[in-house]
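Fold and geometry: a report
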Amino acid sequence: MISWDQKIERFRMRTTDYRERKLRMFATSSFQTNSVVLLHLIANHAPDVPVFFLDTGYHFPETLRFRETLREALGIEIRILRSPVNRLQQRDNDGTMLFASDPEHCCHINKVLPLEPVLLSNDVWISGVRASQSQERAAMGEEAKGRHGILRYHPLIEWTARDVHYYIQEHDLPTHP
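Presented here is an overview of the structure given in this document. (Residues numbered from 1 in each chain as written. Predicted model: local features only at pLDDT ≥ 70, side-chain atom pairs only at ≥ 80, totals over all residues. Heavy atoms only, no water.)

**Remarks on the overall build of the protein chain**
Regarding its fold elements, the protein chain presents seven helices and six strands. In the protein chain, the succession of α and β elements from N to C terminus is α-β-α-β-α-β-α-α-β-α-β-β-α. In terms of principal-axis extent, the alpha carbons of the protein chain reach across some 55 × 35 × 30 Å. Put simply, of all contacts in the protein chain between residues at least 6 apart along the chain, 74% involve residues at least 24 apart. Total accessible area computed for the protein chain in this model is approximately 10,000 Å², and 50% of it derives from carbon and sulfur atoms. A distance of 2 Å separates the average location of the 22 positive side-chain charges in the protein chain from that of its 23 negative side-chain charges. (Helix = DSSP H or I, 4+ residues; strand = E, 2+ residues; numbered from the N terminus. Contact = heavy atoms within 4.5 Å. Areas by Shrake-Rupley, 256 points an atom, 1.4 Å probe, with all protein chains shown as cover. Lys, Arg positive; Asp, Glu negative; His and termini not counted. Charge placed at Lys NZ, Arg CZ, Asp CG, Glu CD.)

Structure representation (structure tokens):
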């Protein structure tokens, strides 16, 4: 089995350092498989870090139920962010929903805009991206500069899918449906 002590201690030390430097932290979660590990680490080693969920209005009901399952199981507070643009107004000039005609603009409206105030009022953004998910994510590193000068911290960047699987199993955590 994998020893989690070093990985957990690295997370604990990093968040302690940010706290001692008076940096304001927050985390985002999609409530997918990687989220379970990140949220467990936050609940146990950085419970003061607020967790935000971007409710795009396009999540499967199972994901929304899983979000509530994790909230209850881990005892974490989840802050919901929503687009300032009503979903029915998210259409192009032809009346087609933006998710179908312009996914990039749809993501901007549903993910970027709601997160802007959070980015502007914090110093460190914690997220559960892993290097093995894509080349773009692999290039991020454990820390990276983000929009508005925010520091992005990726504590799971070096974790493999296998690490995530065994961590969830060893800690008897809920699994995404």
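**Looking at the sheet that holds strand β6 (residues 151-153)**
The strand order β3-β2-β1-β4-β6-β5 describes an open sheet built from six strands, whose pairing is mixed. One side of each edge strand has no neighbouring strand; the edge strands of this open sheet are β3 (78-81) and β5 (143-145). Across this sheet, the average inter-strand angle for adjacent strands is 30°, counted without regard to direction. (Pairing = 2+ DSSP bridges. Axes fitted to C-alpha atoms, helices over the stretch in contact; angles between N-to-C directions.)

**A closer look at the packing of aromatic side chains**
One pass over the full model with this rule turns up nine aromatic pairs. Both rings, one in Trp4 and one in Tyr167, keep their centres 5.1 Å apart while their planes meet at 85°; by these two values the pair is edge-to-face. Taken together, the positions of Trp4 in the segment before α1 (5-20) and Tyr167 in helix α7 (residues 161-170) put the pair 163 residues apart, joining distant regions of the chain. Under the relative-accessibility criterion, Trp4 is labelled buried at 6%. Here Tyr167 falls in the buried class, since its relative accessible area comes to 1%. The interplanar angle of 70° and the centroid separation of 5.5 Å between the aromatic rings of Trp159 and Tyr167 together place this pair among those described as edge-to-face. Taken together, the aromatic side chains of Trp4, Trp159 and Tyr167 make up a single cluster linked through ring pairs. (Phe/Tyr/Trp six-rings, centres within 6.5 Å; stacked < 30°, edge-to-face > 60°. Buried < 20%, exposed > 50% of the residue type's maximum accessible area, 1.4 Å probe, protein only.)

**Quick notes on the pattern of salt bridges**
Throughout the structure, instances matching the rule amount to 14 salt bridges. The closest approach of N and O atoms between Arg71 and Glu68, which form a salt bridge, is 2.7 Å. Here Arg71 and its partner Glu68 are both found in helix α3 (residues 61-74), three residues apart, which amounts to about one turn of the helix. Judged by relative accessible area, which is 27%, Glu68 ranks as partly exposed. In this structure, Glu77 engages Arg79 in a salt bridge whose closest nitrogen and oxygen atoms are separated by 3.5 Å. In the salt-bridge network here, residues are joined through shared partners; they are Arg10, Arg14, Glu142 and Glu143. (Salt bridge = Lys/Arg side-chain N within 4 Å of Asp/Glu carboxyl O.)

**A short note on helix α5 (residues 103-120)**
Along its 18 residues, α5 runs 25 Å from first to last C-alpha, staying within 8% of the 26 Å computed at 1.5 Å per residue. Of all the bends in α5, the largest measures some 35° and sits at Val112, one to four residues before the proline Pro114. Restricting attention to buried positions, one finds in α5 the residues Cys106, Ile109, Asn110, Pro114, Leu115, Glu116, Val118 and Leu119. (Expected span 1.5 Å × (residues − 1). Bend = angle between axes of the 7 residues up to and from the residue.)

**Quick word on the layout of surface pockets**
Considered as a void within the structure, the second largest pocket measures approximately 200 Å³ in volume. For the lining of the second largest pocket, the leading source of residues is α1, giving four residues. In terms of residue class, the lining of the second largest pocket is made up of seven nonpolar, one polar and four charged. (1 Å grid on protein atoms, 1.4 Å probe; cavity = no way out; pocket = protein on both sides within 12 Å on 5 of 7 lines; lining within 4 Å. Points joined across faces, edges and corners; volume = space filled by probe spheres on them. Nonpolar A, V, L, I, M, F, W, Y, C, P; charged D, E, K, R; others polar.)

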